[in-house]
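If you want the building blocks of each chain, they are given just below.
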Amino acid sequence: MLKVEGLTKIFGGLRAVDNASLEVGEGRIVALIGPNGAGKTTLFASIAGFHPIDAGRVTFAGQDITGWPVHRIARAGMVRTFQITQPFAKLSVHENIAVGAYQKYPQRAQAWEHARAIAQQVGMANLLDQPAADLTVAGRKRLELARTLATGPKLLLLDEVMAGLNPSEIVEIIGIIRKIRDSGVTVLLIEHVMQAVMNLSDFIYVLSYGKIIAEGAPRDVVSNPAVIEAYLGQGAADRIATEASHA
Ligand SMILES: Nc1ncnc2c1ncn2[C@@H]1O[C@H](COP(=O)(O)OP(=O)(O)OP(=O)(O)O)[C@@H](O)[C@H]1O
């Protein structure tokens, strides 16, 4: 479904993403993890057309989409969420979701009904009439998810949709994301909540200083010494192994 080859994005002198390659197969949930500032959001934005890239190629659903503008990529079926959610505060939850739904259903009545179905899918059916401004953090995260989902994507790029949620809210959103995948939408997600990453992902890529330093099944990736070093600093993998042998 998505293939990224050798993507590089430079800001000034900084290689925020450095020759990164990844693939997301149809129907999968793939995670992109890495320490703060590793370049995850930049990679997402570059894939989805928000930044011009300095090198590399992005292929989506069989088409070379490198250099396409955001709206054309979105129309082709790839949409992203934002870490900082910006709903239309004065509009209701229903209206906010309908804004996304219009891209798929130009007729008002259909968009309205589709928005209702999406609200149901993300557990917001009882909040339809609330102004977005009144939502909790968890509610705003769901609304962001709903707005993008309402556009009818083939591939959803989710940027830290669990940040700021409490443990029970995380469990709920894990269930929602799994259901979204089961409904036929492929998912690529950036996430710091490891419980969720381990629980949800079929495959993980690890980014550090702009480079993909590891990839594989969740269990293999978290025990990879290069990944432990990237998160905890140089020598950490050895220290953990030594402590484990003394335990
Ligand atoms: N528009 C920009 N202009 C200049 N530098 C940028 C820009 N956007 C990001 N950067 C820099 O690129 C690097 C990667 O940032 P990015 O936000 O992609 O990391 P991240 O892995 O998503 O981090 P986090 O997990 O904290 O969200 C950082 O050093 C950041 O300061």
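Residues numbered from 1 in each chain as written. Predicted model: local features only at pLDDT ≥ 70, side-chain atom pairs only at ≥ 80, totals over all residues.

The name an unreviewed UniProt entry assigns to the protein chain is ABC transporter ATP-binding protein, from the organism Ramlibacter agri.

A. Structural context of the packing of helix H3 (residues 93-101) against helix H5 (residues 137-149). Packing of H3 against H5 brings their axes to within 7 Å, and their N-to-C directions diverge by 35°. Mapping the contact onto sequence places Val93, Asn96, Ile97, Val99 and Gly100 in H3 and Leu143, Ala146, Arg147 and Thr148 in H5. Considered class by class, the residues forming the contact of H3 with H5 number 5 nonpolar, 3 polar and 1 charged. (Axes fitted to C-alpha atoms, helices over the stretch in contact; angles between N-to-C directions. Helix = DSSP H or I, 4+ residues; strand = E, 2+ residues; numbered from the N terminus. Contact = placed C-beta atoms within 7 Å. Nonpolar A, V, L, I, M, F, W, Y, C, P; charged D, E, K, R; others polar.)

B. Unusual backbone geometry, seen in detail. A positive phi angle is found at glutamate 160, which is not glycine, with a value near 50°. Relative to the elements of secondary structure, glutamate 160 occurs in the loop between strand E7 (155-159) and helix H6 (167-182). Phi is positive for tyrosine 209, close to 50°, though the residue is something other than glycine. Mapped onto the elements, tyrosine 209 comes out in the loop between strand E9 (203-208) and strand E10 (211-216). Judged by C-beta crowding, with 16 C-beta atoms within 10 Å, tyrosine 209 ranks as partly exposed. (Buried ≥ 20, exposed ≤ 12 C-beta atoms within 10 Å, placed from the backbone.)

C. Here's a closer look at the site of the ligand. Around the ligand, the neighbouring residues are Phe11, Leu14, Ala16, Gly34, Asn36, Gly37, Ala38, Gly39, Lys40, Thr41 and Thr42. Looking at the shell around the ligand, the elements with two or more residues in it are strand E2 (14-24) and helix H1 (40-47). In terms of residue count, the dominant contributor to the shell around the ligand is H1 (3 residues). Looking at the shell around the ligand residue by residue, the classes come out as 4 nonpolar, 6 polar and 1 charged. (Near = placed C-beta within 6 Å.)

D. Quick peek at H5. End to end, H5 covers 18 Å across 13 residues, agreeing with the expected 18 Å (1.5 Å per residue, within 8%). Burial of H5 is extensive: 10 of the 13 residues sit out of reach of the surface. Where H5 is buried, its residues meet strand E6 (78-80), H3, helix H4 (108-121), E7 and H6. (Expected span 1.5 Å × (residues − 1).)

E. Here's a closer look at the sheet that holds strand E3 (residues 29-33). The 6 strands are arranged E6-E7-E8-E3-E9-E10 in an open sheet whose pairing can be described as mixed. With one partner strand each, in any of the chains shown, E6 and E10 form the two edges of the open sheet. Strand-to-strand twist of the sheet, defined as the mean angle between neighbouring strand axes without regard to direction, takes the value 15°. As paired strands, E3 and E9 are joined by 4 bridges and run parallel to one another. Within E9, the residue paired with leucine 32 across the bridge is tyrosine 205. (Pairing = 2+ DSSP bridges.)

F. Spotlight on the nonpolar core. Counting 70 residues, the largest nonpolar core has Ala146, Leu157 and Val206 as the members making the most contacts within it. It is E3 that provides the largest number of residues to this core, a total of 5 residues. With residues up to four places along the chain from it excluded, the contact list for alanine 146 reads Ile97, Ile118, Ala119, Val122 and Met124. (Core = buried A, V, L, I, M, F, W, Y, C linked by C-beta atoms within 7 Å.)

G. The sheet that holds E2, seen in detail. Spatially, E2-E1-E4-E5 is the arrangement adopted by the 4 strands of the open sheet, whose pairing is antiparallel. The sheet is open, and its two edges are formed by E2 and strand E5 (63-64), each paired on a single side. Bridge count for strand E1 (residues 2-11) against strand E4 (residues 55-60) is 5 bridges, and the pairing is antiparallel. Each residue of the ladder has a partner; that of leucine 2, found in E4, is phenylalanine 60.

H. Region of the structure containing H4. Between its terminal C-alpha atoms H4 stretches 20 Å, which fits the 20 Å expected from 14 residues at 1.5 Å a residue. For H4, every residue scored as buried is listed here: Ala111, His114, Ala115, Ile118 and Ala119. Along the axis of H4, the buried residues cluster in a sector spanning 145°; they form a single face. As for H4, its buried residues are in contact with H3 and H5. (Arc of directions from axis to C-beta.)

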